[in-house]
Number of protein chains: 2
Amino acid sequence: MFGFTYYTPTKVVFGRKTEEQVGELILKEGAGKVLVHFGGQSAVRSGLLERIKASLDAAGIEHQELGGVVPNPRLSKVREGIEIGRKMGADFILAVGGGSVIDSAKAIAYALAEPEADVWELFAHTRQAKKCLPVGTVLTIAAAGSEMSNSCVITNEETGEKRSYNDDIARPRFAIMNPELTVTLPDWQTESGCADIMMHTMERYFVNGGTMEITDSIAEALLRTVMHNAEILHHDPANYEARAEVMWASSLAHNGLTGCGNDGGDFATHMLEHEMGGMFDVTHGAGLAAIWGTWARYVMKDCLPRFVRYAVNVMGVEPKENDEATALAGIEAMEAFYRRIGMPTNMRELGIEPTEEQILEMAKSCAAASGGVKGSAKKLYCADMAEIYRRAR
Amino acid sequence: MFGFTYYTPTKVVFGRKTEEQVGELILKEGAGKVLVHFGGQSAVRSGLLERIKASLDAAGIEHQELGGVVPNPRLSKVREGIEIGRKMGADFILAVGGGSVIDSAKAIAYALAEPEADVWELFAHTRQAKKCLPVGTVLTIAAAGSEMSNSCVITNEETGEKRSYNDDIARPRFAIMNPELTVTLPDWQTESGCADIMMHTMERYFVNGGTMEITDSIAEALLRTVMHNAEILHHDPANYEARAEVMWASSLAHNGLTGCGNDGGDFATHMLEHEMGGMFDVTHGAGLAAIWGTWARYVMKDCLPRFVRYAVNVMGVEPKENDEATALAGIEAMEAFYRRIGMPTNMRELGIEPTEEQILEMAKSCAAASGGVKGSAKKLYCADMAEIYRRAR
């Protein structure tokens, strides 16, 4: 067991119609000039944006909008937001969307708080942020957990780099979570979200080194709940209760709770997927599902007790003749689950077929972004990363 | 399932020697004049207070001390703290201790922030707090969860009333948790703490109305972990890992996590115990254990699905011939657990024998404090409360 810091200051306001409280919540933060950041047209068509603007108007809050955030949110859009935010003198960034919109909003918030510096330096890790404008969210996709997390991932489309920057000062002030807002999501998005939620917990679970029983048992409870509800939503997407379970799980999986006492987690699967996302623009959660099984088989022997525990406690596997057989059965059960919810278990099913050259490029970039080595279940170097990509084709 | 607000802004700094960070953490809060509040002499004898003062001195923080907080913390001590705090112009209250010290610190913090009003009005519920001085804690007893909670319970020893006041503005800014600091606790204190931790979760679990699967499964994971480690500590009190599991559980059990989506909880057992604590000055957790089994039998039929689930998922009971038998087996297993860790299962074992007159007085006071009725598993009125006290003798 390791010492840890747990810090989740985000106020969660959860339930039906909670988006109507947005104006009041921003007023409580002492802000009055809001950049409303969102993704595609669904927020407009559904009437959500109108309801939010009505709430802001009722609270006497000045606001401007910037839509058009895409999955794997781009630096160019961040720069657009910075420009608008500067001109209007924004003192609050409201993200209406999922992880991509929230991350884009965080990046804009960093930039507006330190206008003299370039924001990409944070993602290139050449400087640390000193300040960040307050961010709030109205969540419409349960997946990334960015609504409570300190993390932010941006893609520099000029270089193809997808990079993350984590800092507690960017944790959102509030997160409005109305599960009804996720009901109209396409199945692919819903299930990719579930894959992402689970992976945030799994990345903290497959570690070598200290663990804590209360953390493990909470993580397992969360994973079983998400699996159960992911299957319900695959067949009954309008199920409010299942939407709510998954939505709350998205925050708990990535706010730090499922890593307390662990060694910081593995996160190699996330790093491997970031390169796939940077090069091919795949859906993040689906990309994670596509690479996980191959990663798991590659590292299993180096982290056997955790894979055995996962197989038994999460996947419900009956212990086999030896630990390796049990662990493998757990991985196979997980892949069977992915298939049941329509998620890919390799790159071909994901719709990408990288060449050997592209694989080497991704591995090199992944190793560079990881400082040469990544992972706790097993330390992965550039050659390992390339081999995992190869086997996952 | 109900909507909910989840707000846990307290920064948790967990692990060995973390108390050495206290000066730095207070500086980050922008404070410089600290009232250090504590209980008995153990904090002095163990050298803890000296280490804390050294950390404050190193950070250039002015400080004064007030010890002597007792279990069921008293209004008179709160008034002493207010007096000292006013004279020194305190801008931060540091609680070094368990729930009693933290609650006393919160009450002082409320009073210093609104010097024109009397603090007991909050506990008498004749007014709401508008402000509260910042509070931080160095936790030395894992039990009450006050280190992350919004709650505060004070006993007015002139009237014998033990009353609570809950407000998010009193949630501590930070909680320093070093499990080593709890190693020297007497077994009775340790196990009373475990009983209290479990009850904070159980009060939110035994409800009629909405529930949420992710909350239930986390609650069950937490309860099983505390039970397991309570038994370890009964025989091996110096076990660091077990101390750590219980300490982190104490916060998670009462910071709101185990109630998300539920109807606000039952909390009748707590209300019943508060009267016992007010009249007889019993150890809170032991008082809860002493009354719980009787309460559970009294309300079981009105909340049967939850008692069955508890029996199976927490106590590991094999389902019996019918639900009532399963539920009853769960209650009996819980009482057997209490006995294994040296906790009482009735008032006689707790060391108190209230007369019929005292029972009626407690029931009347409990009903009054509850606004006439309390409970979600079953609504209890004054006559019900008296009958539970009677049966628990």
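Computed from a prediction, not measured in an experiment: that's the story for all the values here.

Undergrad: Explanation requested: the overall build of chain A in the structure shown.
TA: Within chain A, the regular secondary structure consists of 16 helices and 8 strands. In terms of overall dimensions, chain A is globule-like: its C-alpha atoms have a radius of gyration of 20 Å, near the 21 Å expected for 393 residues. Dimensions of chain A, computed from the C-alpha atoms along their principal axes, are close to 65 × 45 × 40 Å. Taken across its 393 residues, chain A has 60% of its residues classed as buried. By sequence separation, contacts in chain A at least 24 residues apart represent 78% of the contacts at least 6 residues apart.

Undergrad: Explanation requested: the domain arrangement of chain A in the structure shown.
TA: By convention, interface size is frequently given as the accessible area that disappears when the constituent parts associate. Residue and element names in this part refer to chain A. Considered domain by domain, chain A is made up of domain 1 (11–181) and domain 2 (185–391). Spacing between the C-alpha centres of domain 1 and domain 2 amounts to 26 Å. At the junction of the two partners, domain 1 supplies 22 residues and domain 2 supplies 27 residues. The greatest single-element share of the side of domain 1 that touches domain 2, amounting to 3 residues, is contributed by strand β7 (residues 161–166). Of the residues contributing to the side of domain 1 that touches domain 2, the split by class is 12 nonpolar, 5 polar and 5 charged.

Undergrad: Is there a simple way to explain the interface of chain A and chain B in this structure?
TA: With 30 residues of chain A at the interface, the matching set in chain B holds 30 residues. Of all elements in the fold, only β1 (4–14), α8 (213–235) and α9 (240–252) of chain A reach the threshold of two or more residues within the side of chain A that touches chain B. If you tally residues by element for the side of chain A that touches chain B, the top one is β1(A), at 10 residues. Along the lines of polarity and charge, the residues of the side of chain A that touches chain B split into 17 nonpolar, 7 polar and 6 charged. Taken together, the 7 bridges between β1(A) and strand β1 (residues 4–14) of chain B define a ladder with antiparallel strand orientation. For Thr8(A), the partnering residue across the bridge sits in β1(B) and is Thr8(B).

Undergrad: Could you clarify how one ought to interpret the pairing of strand β6 (residues 151–156) of chain B in this entry?
TA: Residues and elements named next belong to chain B. Across the 6 residues of β6, 5 count as buried, placing the element largely inside the fold. Pairing analysis gives 6 bridges linking β6 to strand β7 (residues 161–166), with the strands arranged antiparallel. If you follow Cys152 over to β7, its bridge partner there is Tyr165. Where β6 folds back on β7, the antiparallel hairpin that results is connected by 4 residues, among which Gly160 adopts a positive phi of roughly 75 degrees.

Undergrad: What is the right way to look at the relation of the copies chain A and chain B in this model?
TA: Both copies of the chain are placed relative to one another by a rotation about an axis and a shift along it. Overlaying chain A with chain B gives an RMSD of 0.0 Å, the required rotation being 180 degrees about an axis along which the chain moves by 0.0 Å. With respect to symmetry, the two chain copies, as superposed, fit the operation of a two-fold axis. Within chain A, the C-alpha atom positioned nearest to the axis of rotation is that of Pro9(A), 1.9 Å from it. Here 100% of the contact residues of chain A are again contact residues in chain B; the copies associate through an equivalent surface.

Undergrad: Explain the nonpolar core here, please?
TA: A general tendency of soluble globular proteins is for nonpolar side chains to be buried together. Residues Ile93(A) and Ile93(B) are the most contacted members of the largest nonpolar core, which totals 277 residues. Dropping the residues within four chain positions of it, Ile93(A) is found in contact with Leu35(A), His37(A), Ala105(A), Ile108(A), Ala109(A), Leu133(A) and Val135(A).

Undergrad: What is the right way to read the sheet that holds strand β3 (residues 62–66) of chain A from this model?
TA: Sheets are built from strands that pair by backbone hydrogen bonding, the pairs being arranged parallel or antiparallel. The sheet built from 12 strands is open, its strands ordered β3(A)-β2(A)-β4(A)-β5(A)-β8(A)-β1(A)-β1(B)-β8(B)-β5(B)-β4(B)-β2(B)-β3(B) with mixed pairing. The sheet is open, and its two borders are formed by β3 of chain A together with β3 (62–66) of chain B, each paired with just one other strand. Strand-to-strand, the axes of this sheet are offset by a mean angle of 25 degrees, without reference to chain direction. In terms of strand pairing, strand β2 (residues 33–38) of chain B meets strand β4 (residues 92–97) of chain B through 5 bridges, oriented parallel. Bridging from a neighbouring strand, Phe38(B) pairs with Val96(B) of β4(B). Across the sheet, helix α5 (residues 99–113) of chain B lies against β2, β4 and β5 (135–139) of chain B, angled at about 165 degrees from β4(B), the strand it touches most.

Undergrad: I'm lost on the packing of helix α7 (residues 187–205) of chain A against helix α11 (residues 284–299) of chain A in this one. Help?
TA: Angle between the axes and distance between the axes: these two values describe a pair of packed helices. All names here are of chain A. Where α7 meets α11, the closest approach of the two axes is 7 Å, and the angle between their N-to-C directions is 60 degrees. Here α11 runs oblique to α7, going by the angle between their axes. Crossing hand, α7 versus α11: left-handed. Residues Ser192, Gly193, Ala195, Asp196 and Met199 of α7 lie in contact with α11, whose contacting residues are His284, Gly285, Ala286, Leu288, Ala289 and Trp292.

Undergrad: How should unusual backbone geometry be read in this particular structure?
TA: Glycine aside, residues mostly have negative phi angles, and peptide bonds mostly take the trans form. One non-glycine residue with positive phi stands out, namely Lys17(A), at about 65 degrees. Tracing the chain through its elements places Lys17(A) in the loop between β1 and α1 (22–28). Note on Lys17(A): 11 C-beta atoms within 10 Å, which makes it exposed. Residues other than glycine seldom take positive phi values, yet Phe267(B) does so here, at roughly 60 degrees. As for its position among the elements, Phe267(B) is in the loop between α9 (240–252) and α10 (268–280).

Undergrad: Looking at this structure, how should I read the packing of helix α7 (residues 187–205) of chain B against helix α8 (residues 213–235) of chain B?
TA: Residues and elements named next belong to chain B. The geometry of α7 relative to α8 is characterised by a closest axis approach of 10 Å and an angle of 170 degrees between their N-to-C directions. The angle between α7 and α8 falls in the class roughly antiparallel. Note on element contacts: α8 touches α7 through Ala219, Leu222, Leu223, Val226, Ala230, Leu233 and His234, opposite Asp187, Thr190, Glu191, Cys194, Ile197, Met198, Thr201, Arg204 and Tyr205. Residue composition of the contact of α7 with α8, grouped by class: 10 nonpolar, 3 polar and 3 charged.

Undergrad: When you look at α9(A) in this model, what are you seeing that I'm missing?
TA: If you check α9(A), its first and last C-alpha atoms are 18 Å apart, about what 13 residues at 1.5 Å a residue would give, namely 18 Å. Most of α9(A) is tucked away: 11 of the 13 residues are buried. Every buried residue of α9(A) is listed here: Ala242(A), Arg243(A), Ala244(A), Glu245(A), Val246(A), Met247(A), Trp248(A), Ala249(A), Ser250(A), Ser251(A) and Leu252(A). Among the structural elements, β1, β5 (135–139), β8 (174–177), α7 and α8 of chain A together with α8 of chain B are those in contact with the buried residues of α9(A).

About the thresholds
- Residues numbered from 1 in each chain as written.
- Chains lettered and ligands numbered in written order.
- Predicted model: local features only at pLDDT ≥ 70, side-chain atom pairs only at ≥ 80, totals over all residues.
- Helix = DSSP H or I, 4+ residues; strand = E, 2+ residues; numbered from the N terminus.
- Rg over C-alpha atoms; globule rule 2.2 N^0.38 Å.
- Buried ≥ 20, exposed ≤ 12 C-beta atoms within 10 Å, placed from the backbone.
- Contact = placed C-beta atoms within 7 Å.
- Domains from an automatic or database assignment.
- Nonpolar A, V, L, I, M, F, W, Y, C, P; charged D, E, K, R; others polar.
- Pairing = 2+ DSSP bridges.
- Least-squares fit on C-alpha atoms with pLDDT ≥ 70 in both.
- Core = buried A, V, L, I, M, F, W, Y, C linked by C-beta atoms within 7 Å.
- Axes fitted to C-alpha atoms, helices over the stretch in contact; angles between N-to-C directions.
- Parallel < 35°, antiparallel > 145°, perpendicular 65-115°, else oblique.
- Left-handed = near helix turned anticlockwise from the far one by under 90°.
- Expected span 1.5 Å × (residues − 1).

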